[in-house]
Amino acid sequence: MENNPIEVMYTEHDIIIKAENIIDKINTLWEENEQGYVDTVSQLVEFFREYADGYHHRKEEDVLFPAISDHPDFVLQEIIEEFEQHHEDFRDYTKEIVEAIEGKDYSKSHELLREYINDLLDHIAAENEELFVLAESLLDEGELETIFFKFKDIDLELGEDRKAELEKMLII
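A brief report on the enclosed structure follows. Note that this is a predicted model, so its numbers are computed, not measured.

About the thresholds
- Residues numbered from 1 in each chain as written.
- Predicted model: local features only at pLDDT ≥ 70, side-chain atom pairs only at ≥ 80, totals over all residues.
- Heavy atoms only, no water.
- Axes fitted to C-alpha atoms, helices over the stretch in contact; angles between N-to-C directions.
- Helix = DSSP H or I, 4+ residues; strand = E, 2+ residues; numbered from the N terminus.
- Parallel < 35°, antiparallel > 145°, perpendicular 65-115°, else oblique.
- Contact = heavy atoms within 4.5 Å.
- Expected span 1.5 Å × (residues − 1).
- Buried < 20%, exposed > 50% of the residue type's maximum accessible area, 1.4 Å probe, protein only.
- Arc of directions from axis to C-beta.
- Polar contact = N/O pair within 3.5 Å; in protein donor to acceptor, adjacent residues only side chain to side chain.

1. Focus: the packing of helix H1 (residues 5-17) against helix H6 (residues 141-158)
Their axes nearest at 8 Å, the elements H1 and H6 cross at an angle of 45°. By the angle between their directions, the pair H1 and H6 is classed as oblique. Note on element contacts: H6 touches H1 through Leu144, Ile147, Phe148, Phe151 and Asp155, opposite Pro5, Ile6, Val8, Met9 and Glu12.

2. Some remarks on H6
The terminal C-alpha atoms of H6 lie 26 Å apart, and with 18 residues this matches the ideal 26 Å at 1.5 Å per residue to within 8%. Regarding H6, the residues found buried are Leu144, Ile147, Phe148, Phe151, Ile154 and Asp155. Buried residues of H6 fall within an arc of 115° about the axis and therefore sit on the same side. Among the exposed residues of H6, those oriented more than 90 degrees off its buried face are Leu156 and Glu157. One or two residues past the end of H6 sits glycine 159, with phi positive at roughly 110°.

3. As for the environment of serine 107
Tracing the backbone shows serine 107 in helix H5 (residues 106-138). Separated by 57 residues in sequence, serine 107 and alanine 164 have C-alpha atoms that sit 31 Å apart.

4. Let's talk about the environment of tyrosine 10
Along the polypeptide, tyrosine 10 turns up in helix H1. Using a relative accessible area of 22% as the deciding quantity, one classes tyrosine 10 as partly exposed. Taking the C-alpha atoms as reference points, tyrosine 10 and glutamate 127, separated by 117 residues in sequence, lie 9.2 Å from one another. Once you skip the residues sitting within four places of it in the chain, tyrosine 10 turns out to touch Asn128, Phe132 and Val133.

5. Some points on the side chain of histidine 13
Residue position: histidine 13 is located in helix H1. Classification of histidine 13 by relative accessible area gives buried; the value is 1%. Within the structure, the side chain of histidine 13 is placed 2.9 Å from the side chain of glutamate 127, a separation counted as a polar contact. In contact with histidine 13, other than residues within four places in its own chain, are His56, Glu60, Ile124, Glu127, Asn128 and Phe132.

Structure follows, in structure tokens:
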């Protein structure tokens with residue numbers, strides 16, 4: 001299928017996963033380069049808020065989740081609610097990380113980043129292995145293509161150039 005929205009989701013997940021390497025590399029960086037650590041964490045939070053939440057989670061919450069939930073053969077509403085709760089938890093993590101940075105508690109900020117990325121990786125694995133497989137089995141090609149173009153509309157609205165910039169943030 002040429003315009004497969006699930007491939008878009010997998011690709012975005014692959015990009016988000018790259019943040020783990022950066023989080024690993026900056027552990028204790030604050031001890032030798034405080035400003036470098038603060039700047040890197042600020043960029044990570046910006047990436048998580050704009051890319052993971054703004055582009056990716058918005059596609060799921062505004063388009064994919066409703067398409068699955070509204071399907072007559074779908075009966076596991078709890079799974080959608082669980083994924084939506086994860087998204088809320090991720091938003092809370094970024095707030096806590098920023099608060100720790102502002103309080104100069106760099107050790108805590110990094111601990112929160114580790115928790116966040118671990119939970120995010122678990123979330124991504126569950127979506128890849130359960131939700132996306134379910135979507136492809138429930139939805140026909142026409143429905144999937146409609147979702148694909150709705151995803152494109154979100155990218156256009158938020159800015160394709162900005163999305164590309166955010167993706168490049170994770171290249172170090």
